[in-house]
Amino acid sequence: STRQMAMSLQCVPEPNVHVFDARGVARRFRHSAIFGALGALHNGEAMRFINDHDPIPLLEQLGQCFGGQLSVTYRQRDEYGVVIDFGITGLPEA
């Protein structure tokens, strides 16, 4: 379908970018799963978040939790959905 094609354009594999397609996660688990996935990232890695809507309240919660360590880059925002790259920097080295 056109929708699948439009969303798949942003899912080309890239080094250090891990895809998280929230459309396949039950709504009641989404926020917990997203926080867990971001918490598992290392410096310089990104999570490519795919969703059927723009998660404005979630972005506010993530900003409060991760502060300046989180970068948010919209790759796609249209009638087909949203694709956001969340990046993590400034974490203590393990």
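Quick summary incoming for the structure in this document. Please read all numbers here as calculations on a predicted model, not as lab measurements. (Residues numbered from 1 in each chain as written. Predicted model: local features only at pLDDT ≥ 70, side-chain atom pairs only at ≥ 80, totals over all residues. Heavy atoms only, no water.)

## Comments concerning helix α3 (residues 56-66)
- Those residues of α3 that fall on the buried side of the exposure criterion are Leu58, Leu59, Leu62 and Phe66. Angularly, the buried residues of α3 cover 100° about the axis, an arc narrow enough to put them on a single face. In α3, those exposed residues whose orientation departs by more than 90 degrees from the buried face are Pro57, Glu60 and Gln64.
- Contacts made by the buried residues of α3 are with α2 (27-39), β2 (46-51), β3 (70-78) and β4 (81-88).
- Positive backbone phi, at 55°, marks glycine 67, one or two positions downstream of α3. (Buried < 20%, exposed > 50% of the residue type's maximum accessible area, 1.4 Å probe, protein only. Helix = DSSP H or I, 4+ residues; strand = E, 2+ residues; numbered from the N terminus. Arc of directions from axis to C-beta. Contact = heavy atoms within 4.5 Å.)

## Thoughts on unusual backbone geometry
- The backbone phi angle of asparagine 16 is positive, close to 65°, even though this residue is not glycine.
- Residue placement: asparagine 16 occurs in the loop between α1 (2-8) and β1 (17-21).

## Comments concerning the packing of aromatic side chains
- Inspection of every chain in the model, using the stated rule, returns three aromatic pairs.
- Here the aromatic residues Phe20, Phe49 and Phe86 are joined through ring pairs into a cluster of three or more.
- Positioned above the aromatic ring of tyrosine 74, the side-chain terminus of arginine 77 is 3.7 Å from the ring centre. (Phe/Tyr/Trp six-rings, centres within 6.5 Å; stacked < 30°, edge-to-face > 60°. Lys NZ or Arg CZ within 6 Å of the ring centre and 35° of its normal.)

## Examining the pattern of salt bridges
- The full count for this structure, using the stated rule, is eight salt bridges.
- In this structure, the salt-bridge partner of arginine 27 is aspartate 52, at a minimum N-O distance of 3.5 Å. Taken together, the residues arginine 27 in helix α2 and aspartate 52 in the loop between β2 and α3 connect sequence positions 25 residues apart.
- Taking the relative accessible area as the measure of exposure, arginine 27 reaches 56% and is therefore exposed.
- Put simply, aspartate 52 and arginine 30 hold a salt bridge, and the shortest N to O gap is 4.0 Å. Placement of aspartate 52 in the loop between β2 and α3 and of arginine 30 in helix α2 is noted, with a sequence separation of 22 residues between them.
- Residue classification places arginine 30 among the buried positions, given a relative accessible area of 8%.
- In this structure, a network of salt bridges that share partners links the residues Glu14, Arg48, Arg75 and Asp85. (Salt bridge = Lys/Arg side-chain N within 4 Å of Asp/Glu carboxyl O.)

Without other data, these values stay purely geometric and don't point to any function.
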